[in-house]
Amino acid sequence: LEKNDFDNALTNLRRAQQEVEQVNKENPQKNWIWKTAEREIKFLQENKDHDWIPLTIFFAARSLKEAKEYDQAVEKLRKLLEQFPDAKVADDAELEIADCLAKSGDVDGAIAALREFAKKRGESPLRDVAGTALDACEKQKRVMEKRAK
C-alpha cells in the first residue's frame, strides 16, 4: 500500500466522520457513532502498512447505517463492492446492503440482495447468515402481504 493510497483512505474516513458529526449535531443521542468513528480512525493510523481502503469505506457505511441513513450507507457499500469486489469485507458489505434495505422498508430489495449474495458468494462463510436473513425477509414479506389483504 502506497502512502498516497493510505492518505486517501484516511481522508475518506475523515469525510465520513464529518458526515456523522453533522448527524450527531442534529441528534445528540447518536454521539456514540462519533466515538466509533474516532476509534476506527485511530486504528487506521496505527496500521498504515495494510490495505485498509475497503475497510474504511465499510466503517463509514456502518456508521451511516447506525445513524439510520440507510440510503447513504447502501450507496457507500455499493461503491465499495464496485471498486473492491474481492475485498475481505465484500461478503459483509453485501449483507449490510440487504440489512439496510430491510431496515428502510425495502423488503423486496433486501430479498433480491440476499438472493444475489447466494448466487455470487455461495461459498462464503456467511452463507448461513445470509440464508437466515433471507428466510426472515421472506417471512416479513408474507406477513406484510397478509396485512395488505
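Residues numbered from 1 in each chain as written. Predicted model: local features only at pLDDT ≥ 70, side-chain atom pairs only at ≥ 80, totals over all residues. Heavy atoms only, no water.

Sorry, what's going on with the side chain of Lys65 here?
Its place among the elements puts Lys65 in helix α3 (residues 53-66). In this structure Lys65 comes out as buried when scored by relative accessible area, which is 9%. Separated by 2.8 Å, the side chains of Lys65 and Glu96 make a polar contact. For Lys65, the side chain forms a polar contact with the side chain of Asp99, separated by 2.5 Å. The residues contacting Lys65, other than those within four sequence positions of it, are Tyr70, Ala73, Glu96, Asp99, Cys100 and Lys103. (Helix = DSSP H or I, 4+ residues; strand = E, 2+ residues; numbered from the N terminus. Buried < 20%, exposed > 50% of the residue type's maximum accessible area, 1.4 Å probe, protein only. Polar contact = N/O pair within 3.5 Å; in protein donor to acceptor, adjacent residues only side chain to side chain. Contact = heavy atoms within 4.5 Å.)

I would appreciate a short explanation of the nonpolar core in the present structure.
Side chains of a nonpolar character, in soluble globular proteins, are inclined to be buried together. With 37 residues, the main nonpolar core has Phe58, Leu80, Ile97, Leu114 and Cys137 as its most contacted residues. Counting residues per element, the ones that place at least two in this core are α1 (3-26), α3, α4 (70-83), α5 (90-103), α6 (107-120) and α7 (127-148). If we ignore the near neighbours within four places in the chain, the residues touching Leu114 are Leu95, Ala98, Ala130, Ala133, Leu134 and Cys137. (Core = buried A, V, L, I, M, F, W, Y, C linked by side-chain atoms within 4.5 Å.)

Can you walk me through the confidence of the model for the protein in this structure?
Low pLDDT means the predicted atomic positions in that stretch should not be read closely. Averaged over all residues, the pLDDT of the protein equals 84, while 80% of them reach at least 70. The element-level mean pLDDT for the protein is lowest in helix α2 (residues 31-46), coming to 65, with α5 highest at 95. (pLDDT = per-residue confidence, 0-100.)

Looking at this structure, how should I read α7?
Side chains that are three or four residues apart share a direction in an α-helix, a result of its 3.6 residues per turn. For α7, built from 22 residues, the straight-helix expectation of 32 Å at 1.5 Å per residue is met to within 8% by its first-to-last C-alpha distance of 31 Å. All of the buried residues in α7 are Ala130, Leu134 and Cys137. Looking down the long axis of α7, one finds its buried residues gathered within 70 degrees of arc, a one-sided arrangement. Facing away from the buried side of α7 by more than 90 degrees, the exposed set consists of Asp128, Thr132, Lys139, Lys146 and Arg147. On its buried face, α7 is in contact with α5 and α6. (Expected span 1.5 Å × (residues − 1). Arc of directions from axis to C-beta.)

How should a positive patch on the surface be read in this particular structure?
There is a patch of like positive charges on the surface, built from Lys139, Arg142, Lys146 and Lys149. Within the element layout of this structure, Lys146 appears in helix α7. According to the relative accessible area criterion, Lys146 is exposed, its value standing at 68%. (Patch = residues over 30% accessible without salt bridge, like charges linked within 9 Å, V, L, I, M, F, W, Y side chains within 5 Å. Areas by Shrake-Rupley, 256 points an atom, 1.4 Å probe, with all protein chains shown as cover. Salt bridge = Lys/Arg side-chain N within 4 Å of Asp/Glu carboxyl O. Lys, Arg positive; Asp, Glu negative; His and termini not counted. Charge placed at Lys NZ, Arg CZ, Asp CG, Glu CD.)

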